[in-house]
Amino acid sequence: FPSHDTQPACNPFIWSWSSDQTTQPNFSFIVELYVDFVLVSTHQVFNESQNYAKFDASGDLRCLLTSDMVTTGTLLTYYDPAIAFVSIKIYEKYGTPPTLQSSLGVTASRAWNASLRHPDFISFNHYDYMVSRTNPNSGNIKFLTDFPRARKYFVGLYESAFLTFLNRGGSPTTDFELKLYDATNTLIASDNISIALALNIGVLDCAPQNLIANTTVTLANFQACAYYTIRVKATDAPPFFSGYSETFTFYMDTECHRYDTKRLHWLNKLGGWDSFTFTLVSLNTSKVTTSDYQRERGDWNTAGTDWEYTLYHGQDMAFNKFATDQLVLNSDWIHESVQNWLVRDLYESPKVYLETLPMRFEPVRITNEAYQQKQRRVDGLIRETVNIERTYNYNSQLDKYRDWE
């Protein structure tokens, strides 16, 4: 059976079981896979080790679960397509000819759209991330990001930022706790909102402008703010417990930048959304592909009675241009732990977006094919350069001269 009641869908998602009928002629198992209580596939499985067999559902789950960019403008969005109840029903099949026997039972778990590296997967514990009133890690339940907690996570007043968390359910509401502090660590504003709970993944839109729109804090509060903290809590009536998440801190980026900043958002390995702003000069380039043809040096005159040679006629001609836009982003000097997190999460992400305007996101493709997790003692001061290819291409008009056809 799956080792946790909620686990990443894109790592091995394996059930194992045994039967005392494996010596029967033509023996096999028939496994039905259900996702959100709907039958999605049926598999024939054979015992592999004595009378034990196993089934891995990750191939199906990778195709079924998806995580989209959050653009709802609400405080909390539940991520229905990114998480699912997963169960299997197992039958024995044997005899001459083989026939289906009674079911061995049904076992269920939950899968969410995440893919961990192997060392992280084998040490994974869902209690590290599950916001639940019964979680023994209350107060230290992590949001779905590997950003180094000892470093400052910056966001601008008009930039987007997100926090994602797993929710176990069993409580009627989730409490969203927001606190704003000034540079002297004095609390200047706060809000606490109870939101109806769903058994799902929750994505919090933590952008300052979105918090202004959905809470009691104001623009003036944020203009006086040095940093703000966010925490969620699974609540219930006494005598039940309350399960608290970690307190995550966003630092306001109030620096006057010399260059136009570029902010990227991407789907990380844990199934959450991470963000980072590149503050040094960015370079826009385009790769142009030309479709050309060659024609005769001369042309008939206007009357069509004489063959003439002119300078303007041209021999090597272009009839179409195709351009792919590219962007080079440069970070400021960053701590090695931030660089290590950035390159591993960003470069390996399947979904990356460029924030072109507040709450407007353009999908882009990272073209860096390799990365180095840098060390201060080896590399000195650390910066990172990211190469991006825009996903919207340009196709020009066709040349009006069509004598190449």
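My aim in this report is to walk through the structure given alongside it, one point at a time. Model, not experiment: these values are computed from the prediction.

What follows concerns a negative patch on the surface. Where like charges cluster on the molecular surface, the negative patch consists of Glu296, Asp299, Asp306 and Glu308. Residue position: Asp299 is located in strand E21 (residues 298-300).

A few words on the layout of surface pockets. To find the voids left in a structure, one rolls a probe of water-molecule size over its atoms. Of the pockets and cavities examined, the largest pocket occupies roughly 500 Å³. Looking at the lining of the largest pocket, the element that brings in the most residues is strand E19 (residues 273-278), giving three residues. Here the lining of the largest pocket is composed, by residue class, of seven nonpolar, six polar and six charged. Quantified by volume, the second largest pocket comes out at close to 310 Å³. Around the second largest pocket, the lining comprises 17 residues; the ones closest to its centre are Asn113, Ser115, Leu267, Asn268 and Pro350. Its residues assigned to classes, the lining of the second largest pocket comprises five nonpolar, seven polar and five charged.

Turning to the sheet that holds strand E9 (residues 130-131), a few remarks are in order. Strand order in the open sheet formed by four strands is E6-E14-E11-E9, and the pairing between neighbours is mixed. Each end of this open sheet is capped by a strand with a single partner; those strands are strand E6 (76-78) and E9. By the bridge criterion, three bridges tie E6 to strand E14 (residues 201-205) in an arrangement that is antiparallel. Within the sheet, the bridge partner assigned to Leu76 lies in E14 and is Leu204.

What follows is about the pairing of strand E3 (residues 28-35). Looking down a regular strand, the side chains alternate between one sheet face and the other. With eight of its eight residues buried, E3 lies for the most part within the structure. With eight bridges joining them, E3 and strand E7 (residues 83-94) adopt antiparallel strand pairing. Directly across from Ser28, in E7, lies its bridge partner Lys93. Taken together, the seven bridges between E3 and strand E4 (residues 38-45) define a ladder with antiparallel strand orientation.

By size, the foremost hydrophobic cluster in this structure holds 50 residues, and its most contacted members are Phe176, Leu204, Tyr228, Ile230, Phe250, Leu264 and Leu346. The greatest single-element share of this core, amounting to six residues, is contributed by helix H5 (residues 336-347).

The next point concerns the packing of aromatic side chains. Each aromatic ring pair is summarised here by two numbers: the centre-to-centre distance and the angle between the ring planes. Taken as a whole, this structure holds 26 aromatic pairs when the rule is applied. A ring pair is formed by Trp17 and Phe29, whose centres lie 5.4 Å apart and whose planes are at 85 degrees; its orientation type is edge-to-face. With Trp17 in strand E2 (residues 14-18) and Phe29 in strand E3, the pair connects residues that are 12 residues apart, well separated along the chain. The class of Trp17 is buried, set by a relative accessible area of 8%.

Turning to the sheet that holds strand E1 (residues 6-8), a few remarks are in order. Taken together, the five strands give an open sheet; going across it, the order is E1-E8-E7-E3-E4, and neighbouring strands pair in mixed fashion. Each end of this open sheet is capped by a strand with a single partner; those strands are E1 and E4. In this sheet, neighbouring strand axes are inclined to one another by 35 degrees on average, regardless of whether the strands run parallel or antiparallel.

Analysis parameters
Residues numbered from 1 in each chain as written. Predicted model: local features only at pLDDT ≥ 70, side-chain atom pairs only at ≥ 80, totals over all residues. Heavy atoms only, no water. Patch = residues over 30% accessible without salt bridge, like charges linked within 9 Å, V, L, I, M, F, W, Y side chains within 5 Å. Areas by Shrake-Rupley, 256 points an atom, 1.4 Å probe, with all protein chains shown as cover. Salt bridge = Lys/Arg side-chain N within 4 Å of Asp/Glu carboxyl O. Lys, Arg positive; Asp, Glu negative; His and termini not counted. Charge placed at Lys NZ, Arg CZ, Asp CG, Glu CD. Helix = DSSP H or I, 4+ residues; strand = E, 2+ residues; numbered from the N terminus. 1 Å grid on protein atoms, 1.4 Å probe; cavity = no way out; pocket = protein on both sides within 12 Å on 5 of 7 lines; lining within 4 Å. Points joined across faces, edges and corners; volume = space filled by probe spheres on them. Nonpolar A, V, L, I, M, F, W, Y, C, P; charged D, E, K, R; others polar. Pairing = 2+ DSSP bridges. Buried < 20%, exposed > 50% of the residue type's maximum accessible area, 1.4 Å probe, protein only. Core = buried A, V, L, I, M, F, W, Y, C linked by side-chain atoms within 4.5 Å. Phe/Tyr/Trp six-rings, centres within 6.5 Å; stacked < 30°, edge-to-face > 60°. Axes fitted to C-alpha atoms, helices over the stretch in contact; angles between N-to-C directions.

Everything listed is a geometric property; what it means functionally is a separate question.
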